Amino acid sequence: MKKTIVFFGFQKKQILYLKKQFNHKVNFLTHNSLKGKNKIKIDAVVGITRKGLLNFLKDMLLKKKIYPKWIHLPGAGVEEYTIFKDLKINFSNGKIIQGVQVSEHAIALLLSLTRNLAPILKKGINVKFSRRPIEIKGKKALIYGYGGIGQLLAEKLNSFGLEVSAVNGNYVPIDSNISDLYLESDLLKAIRKKDFLFITSPLTEENFKVFDFKKLRLLNREGIVINVSRGKLLCLNSLYRCIKEKKLFGAGLDVSNPEPLPKNHKLFKLENFVYSPHIAGISDNFSKRNIELITKNIDRFINRKNLINNINLKLGY
């Protein structure tokens, strides 16, 4: 029997590709085809873009009470979807496959600060630096969140000659890319005297603004904070105060709270601050990896196999 799957946000060429793979096994519907329909059997919803998806799911799950067996969410963060955590639905998402480009972006933000590119881009080539460019070889880095992004980031940082530690919510295999793995309860110990802090963790109810003034000031006074996961993990007022009072050197953010960061935000007045508008997850090869993951999961769903990238909305990842 064919499975009825709703595809949200897909381009025509992507739908045509999937139809070639599954046309004999799947009834293809777009989210627009459900407008005005309250009674329809749906086996799954597969989303490829965030824009509008949350409202669509609210209407389908909470208003129309249509409950598919499986929902695939785009991207890695799922905090906005935790309102569905009590529904008996299997959820998967696009975690892990973003690790390549996001880890590269984190290093780009770091190097823009260590090599004094940020003030040059802001003030021109004749700017006078507050300090000479620094070498990152031999420095100590802490990665907060040792999942798909964090693990690839550790691998890259090792090639630069850094001493890398990680903090994670639970134990993961300790590989050769990190010297120490700490649990969340040991965060204060882990962050002390580190030169660089990389934030690569999902957002949960427990770690909202986990990096406040109390924790940030434990970094070295020349420390740098890089956030490429979720803006709400980092208190921006605390970050600003630490940089302003010279308890930290600077910061590079791809995410913020609020997002996007207002043009008149006080952080932009700091010389050693660099910001990108949540673009770390974009790359030339990501679409290919995304479609490959979705294709494999549709095949697994049809054949009643375990899905790739299952998530627990109660945990938030």
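See the structure printed just above.
Residues numbered from 1 in each chain as written. Predicted model: local features only at pLDDT ≥ 70, side-chain atom pairs only at ≥ 80, totals over all residues. Heavy atoms only, no water.

Student: How would you sum up the sheet that holds strand β8 (residues 180-183)? Please name residues and give values.
Tutor: Where strands meet in a sheet, backbone hydrogen bonds hold them as pairs that are either parallel or antiparallel. The strand order β8-β7-β6-β9-β10-β11-β12 describes an open sheet built from seven strands, whose pairing is parallel. The open sheet has two edge strands with one neighbour each: β8 and β12 (273-275). This sheet shows a mean twist of 15 degrees between the axes of neighbouring strands, independent of strand direction. With three bridges connecting them, strand β11 (residues 250-253) and β12 associate as parallel partners. Looking at β12, one finds that A251 is bridged to F273. Sitting on the sheet, helix α3 (residues 99-114) is in contact with β9 (196-199), β10 (224-227), β11 and β12, with an inclination near 150 degrees to β10. (Pairing = 2+ DSSP bridges. Helix = DSSP H or I, 4+ residues; strand = E, 2+ residues; numbered from the N terminus. Axes fitted to C-alpha atoms, helices over the stretch in contact; angles between N-to-C directions. Contact = heavy atoms within 4.5 Å.)

Student: Pulling in residues and values, what's your account of the layout of surface pockets?
Tutor: By volume, the second largest pocket amounts to about 330 Å³. Looking at the second largest pocket, it is lined by 16 residues, and the ones nearest its centre are S130, I243, K246, F249 and N272. Breaking the lining of the second largest pocket down by element, the ones donating at least two residues are α4 (117-123) and α8 (236-244). Among the residues making up the lining of the second largest pocket, the classes are represented as five nonpolar, two polar and nine charged. (1 Å grid on protein atoms, 1.4 Å probe; cavity = no way out; pocket = protein on both sides within 12 Å on 5 of 7 lines; lining within 4 Å. Points joined across faces, edges and corners; volume = space filled by probe spheres on them. Nonpolar A, V, L, I, M, F, W, Y, C, P; charged D, E, K, R; others polar.)

Student: Outline the sheet that holds strand β3 (residues 44-47), supporting the account with residue identities and numerical values.
Tutor: On the basis of which strands lie adjacent, the open sheet formed by six strands has the order β2-β1-β3-β4-β5-β13 and mixed pairing. On the outer flanks of this sheet lie β2 (26-30) and β13 (310-311), each paired with one strand and no other. The strands touched by helix α1 (residues 12-22) are β1 (3-8) and β2; relative to β2, the strand with the most contacts, the crossing angle is about 165 degrees. Running at roughly 170 degrees to strand β4 (residues 70-73), helix α9 (residues 286-302) makes contact with β1, β2, β3, β4 and β5 (90-93) of the sheet.

Student: Please provide a residue-by-residue account of the packing of aromatic side chains, values included.
Tutor: Scanning all chains against the criterion turns up seven aromatic pairs. Aromatic side chains F7 and F28 sit 4.9 Å apart centroid to centroid with 15 degrees between the ring planes, which places their arrangement in the stacked category. Note that F7 is positioned in strand β1 and F28 in strand β2, a separation of 21 residues in sequence. Taking relative accessible area as the criterion, F7 reaches 2% and is therefore assigned buried. A residue is classified by how much of its surface remains accessible, and F28, at 17% relative accessible area, is buried. Ring centres 5.5 Å apart and planes at 35 degrees place the aromatic pair F8 and F56 in the tilted group. Taken together, the residues span a long stretch of sequence, with F8 in strand β1 and F56 in helix α2 (residues 53-63) at a distance of 48 residues. For the pair shown, F8 and F56 are each scored as buried. One Lys or Arg, R131, reaches over the ring of F249 and ends 3.4 Å from the middle of that ring. (Phe/Tyr/Trp six-rings, centres within 6.5 Å; stacked < 30°, edge-to-face > 60°. Buried < 20%, exposed > 50% of the residue type's maximum accessible area, 1.4 Å probe, protein only. Lys NZ or Arg CZ within 6 Å of the ring centre and 35° of its normal.)

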